[in-house]
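The lines below spell out each chain.
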Amino acid sequence: MANAFISLKRLLYDDSAWRVEISASNGYFSGVQDFYTYPENLDALGADFYKFPQSIQDEVRFELGDRTGKWAYFVLVRAFLFDSVGHAAIEFAVDNNAMSIDHAQTSFFIRTEVAAINNLGQQLRAWVVAPDKPLIWSPHTT
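Nothing here was measured: the structure is a model prediction, and the numbers come from that model.

## Describing the environment of Asn96
Position of Asn96 among the secondary structure elements: in the loop between β6 (88-95) and β7 (105-112). Sequence spacing of Asn96 and Ala116 is 20 residues, and the spatial spacing of their C-alpha atoms is 28 Å. Ignoring anything within four residues of it in the chain, the contact list for Asn96 reads Gln33, Ala72, Tyr73, Asp102, His103 and Ala104. Polar contacts involving the side chain of Asn96 include one to the main-chain carbonyl oxygen of Asp102, which spans 2.9 Å.

Now the structure itself:
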């Protein structure tokens, strides 16, 4: 899983909402999409990642937009356990919903450990407080 990552970067925007660029790779596939959200939504996501999982069926889901074209974009980041012994993954899917040859979409999974997802939660909450540098998370805990 060399080079797998999730990165968040705050872009300039004049509002209480944030414009954020998210990029990710599982080492084989990658994608990037910008979106708008409020910092408290990202902080809540970080808190959910930090306490994940609450049960074997638990999942943490951050989803904005849709793929039907009603939104300007689609973003999905979902952490979940994929078997009964606690192996975890993060699903990453983005779609720019552009028309014609500018359309781009990707969807893939990043295998990881629960401790790394918890660490992503810690990093995300710290980044919301001080977003001057990009957050770059690795799925490895060591």
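## Observations concerning the packing of helix α1 (residues 39-50) against helix α2 (residues 114-129)
Put simply, α1 and α2 touch, their axes get as near as 7 Å, and they point 155° apart. Viewed along their axes, α1 and α2 adopt a mutual orientation that is roughly antiparallel. Where α1 crosses over α2, the two elements pack in a sense that is left-handed. Here α1 contributes Pro39, Leu42, Asp43, Leu45, Gly46, Ala47, Phe49 and Tyr50 to the contact with α2, which in turn contributes Ile117, Asn118, Leu120, Gly121, Gln122, Leu124, Arg125, Trp127 and Val128. Taken together, the residues of the contact of α1 with α2 sort by class into eleven nonpolar, four polar and two charged.

## A few points about the pairing of β6
When you tally the buried positions in β6, you get eight out of eight residues, the bulk of the element. Side chains Ala88, Ile90, Phe92 and Val94 of β6 all project onto a buried face; the interleaved residues Ala89, Glu91, Ala93 and Asp95 project onto the opposite face, where all are buried too. Pairing geometry for strand β5 (residues 74-81) and β6, over eight bridges, is antiparallel. Paired with Arg78 across the bridge in β6 is Glu91. Connecting the antiparallel pair β5 and β6 is a turn made up of six residues, with Gly86 showing a positive phi of about 95°. Here β6 pairs with β7 via eight bridges, running antiparallel. Looking across to β7, one finds that Phe92 is bridged to Phe108.

The rules behind each value
Position labels on residues start from 1 in each chain and follow its written sequence. Residues qualify for local features only when their pLDDT is at least 70, as the model is predicted, and side-chain atom pairs are given and counted only at 80 or more; totals for whole chains, interfaces and linings, by contrast, use all residues. Computation of side-chain values: all heavy atoms of the structure, hydrogens and water removed. In this text, helices come from DSSP runs of H or I with a minimum length of four residues, and strands from runs of E with a minimum of two, each type numbered from the N-terminal end. Two residues qualify as a contact provided that any one of their heavy atoms is within 4.5 Å of a heavy atom in the partner residue. Counted as a polar contact is a pair of N or O atoms within 3.5 Å, where, for protein atoms, one must be capable of donating a hydrogen and the other of accepting one, and residues adjacent in sequence contribute only when both atoms are in side chains. In this analysis an axis means a line fitted to C-alpha atoms, helices contributing only their contacting stretch, and an angle means the value between N-to-C directions, from 0 to 180 degrees. In these notes the angle categories are as follows: under 35 degrees is roughly parallel, over 145 is roughly antiparallel, 65 to 115 is roughly perpendicular, and the rest is oblique. When the near helix sits turned anticlockwise from the far one by under a right angle, the crossing is termed left-handed; a clockwise turn instead gives a right-handed crossing. Residues are sorted three ways: Asp, Glu, Lys and Arg are charged, Ala, Val, Leu, Ile, Met, Phe, Trp, Tyr, Cys and Pro are nonpolar, and all the rest, Gly among them, are polar. Under the scheme applied here, a residue whose accessible area is under 20% of the maximum for its type counts as buried, over 50% as exposed, and between as partly exposed, the area being computed with a 1.4 Å probe on protein chains only. Any two strands with at least two DSSP-identified bridges between them are counted as paired.

Worth remembering: the numbers are spatial, not functional.
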